[in-house]
Amino acid sequence: MVLYLVRHGRPILDPTVPASTWVLDPEHEHQIADLAARAPWSDDAVWFTSPEPKAARTALLLTGRDVPVMHDLREHDRSGTGWVPDFVDVIREAFATPYSEVRPGWEPISRTRSRVADAVRQIVAEHPGRDVVLVGHGTAWTLLAAELTGTDPDL
């Protein structure tokens, strides 16, 4: 069994809408096709995607079919704020204080880590011995990798 974590393709950054609703940038979808052409996963791998449009579209482009959605694979919830110009600094703060809501309405990083890790454990348990491909998000996968390896998240 191999677990593959695929980050969604490049989205169109639109500061006027929540990041959770961003879509892929069509000008960069060829990069996803390039990945599909050299896919390391087996043909019978089990697939799941985050519900966010950029992840679901990435999964569709990789497989040529709709992929089951797992709600708990969604990205770190930052819906309490709009565009964050100092995003990298705020994410560093979130990782440094994982049990805190670093901005109003932001999910504590520790909660994201638990939510995503629990979802992945459930998927793996329900598909023993099968390769699993998950399409999601950078922060969520960073936290999951740390959880699975027993290490601190590495930005």
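Residues numbered from 1 in each chain as written. Predicted model: local features only at pLDDT ≥ 70, side-chain atom pairs only at ≥ 80, totals over all residues. Heavy atoms only, no water.

Where do I start with the packing of aromatic side chains in this structure?
Each aromatic ring pair is specified by the distance between its two centres and by the angle formed by the two planes. Under the definition given, this model contains three aromatic pairs. Plain terms: the ring middles of Trp 22 and Trp 83 are 6.1 Å apart, the flat faces sit at 45° to each other, and that makes the pair tilted. Of this pair, Trp 22 sits in the loop between β1 (3-7) and α1 (29-37) while Trp 83 sits in the loop between α2 (53-63) and α3 (87-96), and the two are 61 residues apart along the sequence. Its relative accessible area of 13% is what places Trp 22 among the buried residues. Aromatic pair Trp 41 and Trp 47: ring centres 5.2 Å apart, planes at 85°, arrangement edge-to-face. Of the two residues, Trp 41 and Trp 47, neither departs from the other in class, the shared state being buried. In this structure, Arg 78 packs its charged tip against the face of Trp 106, placed 5.9 Å from the ring centre. (Phe/Tyr/Trp six-rings, centres within 6.5 Å; stacked < 30°, edge-to-face > 60°. Helix = DSSP H or I, 4+ residues; strand = E, 2+ residues; numbered from the N terminus. Buried < 20%, exposed > 50% of the residue type's maximum accessible area, 1.4 Å probe, protein only. Lys NZ or Arg CZ within 6 Å of the ring centre and 35° of its normal.)

Sorry, what's going on with the pairing of β1 here?
Two faces belong to every sheet, and in a regular strand the side chains alternate between them. What you see with β1 is a clean split: Tyr 4 and Val 6 sit on the buried side and Leu 3, Leu 5 and Arg 7 on the side with no burial. Both β1 and strand β3 (residues 132-136) contribute to a ladder of five bridges, which runs parallel. What sits directly across from Leu 5, in β3, is Leu 134. (Pairing = 2+ DSSP bridges.)

I keep staring at the side chain of Asp 131 and nothing clicks. Help me out?
Note on placement: Asp 131 falls in the loop between α4 (109-126) and β3. Polar side-chain contacts of Asp 131 include one of 3.3 Å to the side chain of Ser 42. (Polar contact = N/O pair within 3.5 Å; in protein donor to acceptor, adjacent residues only side chain to side chain.)

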